[in-house]
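Structural overview for review
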Amino acid sequence: MPCEVGLPQGVRRRTPGLRREEVAVLAGVSPTWYTYLEQGRDVSPSLDVLDGLASVLGLSVFERDYLLALSREPDACALAAGPSDSWKYLKAVAENMYPFPAYICSPSGDLLGWNRAVPAWLTDFGQLPEEDRNVLVWMLTSEAAHRRFVDWESASRHVVARFRAELTDWRALPHTHRLVHELSRRSSQFREWWDEHRVSGPLTRVHRMRHPEHGVVPVRMVELLHEDPNGTVRLIVHTPLAAEQLGVAAA
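So, here's what we can say about the structure. Here the structure is a predicted model, which is why all the values come from computation and not from measurement. (Residues numbered from 1 in each chain as written. Predicted model: local features only at pLDDT ≥ 70, side-chain atom pairs only at ≥ 80, totals over all residues. Heavy atoms only, no water.)

A short note on unusual backbone geometry
Between tyrosine 98 and the following residue, proline 99, the backbone shows a cis peptide bond with an omega angle of 15 degrees. Along the chain, proline 99 falls in the loop between helix H6 (90-96) and strand E1 (102-105). Even without being glycine, histidine 197 reaches a positive phi, approximately 60 degrees. Relative to the helices and strands, histidine 197 is located in the loop between helix H12 (188-194) and strand E3 (205-211). (Helix = DSSP H or I, 4+ residues; strand = E, 2+ residues; numbered from the N terminus.)

Written out as structure tokens, the structure reads:
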């Protein structure tokens, strides 16, 4: 809003937000240069300029990091190699989380492993076709995901926003393009939410899950990051808040 950056609201102002010229001036760049940036022309903003734009636009920490990441060229050689073996210790960590569900996935959501509790809480990923063993594909195309997540839309929006945030270093890979194309083909919700350009970070979230034996259970989703040399590998743990329903001590 104009008043939040010291500009008068004005009685005849037609737009509630900042005009392009105002954003440019507040960020210390020319309106023409900022227009070129919006249009995706070949301009090279410095980190200081991007920081200024993030501040003026009131971007969140995750949105700012996303903006800065888009200005960098990804390391195509490292990314093409895929995750190394350094993350495989996470399989034992995930298994030790039992009876709480935990799974491991790549930045693009490909499932790399899961523990024995996952089939009861989510689905048996091992029974899915290999091309569907992906968190985004499952969340957005599976009826099981709709049944298991009481707040399915909120949970799915977060998954899409996390994927966009993680995509910056992987955006040039053919696998990423194929995944976006396939999700767009199979899910109208993905097409809609993808076009919103929202990003999110590894936030700890609480959502409600529907367990076949325990009914609706509030669950805290925790995301642990392993910085693999060729990309971040994530361990996702769903910890029930009412753990006494499961007959175990609360975490």
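Focus: the side chain of serine 187
Position of serine 187 relative to the elements: it lies in the loop between helix H11 (174-186) and H12. Given a relative accessible area of 1%, serine 187 falls into the buried group. Within the structure, the side chain of serine 187 is placed 3.0 Å from the backbone nitrogen of phenylalanine 190, a separation counted as a polar contact. (Buried < 20%, exposed > 50% of the residue type's maximum accessible area, 1.4 Å probe, protein only. Polar contact = N/O pair within 3.5 Å; in protein donor to acceptor, adjacent residues only side chain to side chain.)

Describing the packing of aromatic side chains
Under the criterion given, the structure shown has 6 aromatic pairs. Aromatic pair phenylalanine 125 and tryptophan 138: ring centres 5.6 Å apart, planes at 80 degrees, arrangement edge-to-face. Taken as a pair, phenylalanine 125 in the loop between helix H7 (118-121) and helix H8 (135-141) and tryptophan 138 in helix H8 lie far apart in primary sequence, 13 residues in all. Classification of phenylalanine 125 by relative accessible area gives buried; the value is 2%. On the basis of relative accessible area, tryptophan 138 is assigned to the buried category, the value being 5%. Three or more aromatic residues link up through ring pairs in this structure, and these residues are Trp114, Phe125, Trp138 and Phe149. The side chain of arginine 116 reaches across the aromatic face of tyrosine 98, ending 4.0 Å from its centre. The ring of tryptophan 194 carries arginine 164 above its face, with NZ or CZ at 3.8 Å from the centroid. (Phe/Tyr/Trp six-rings, centres within 6.5 Å; stacked < 30°, edge-to-face > 60°. Lys NZ or Arg CZ within 6 Å of the ring centre and 35° of its normal.)

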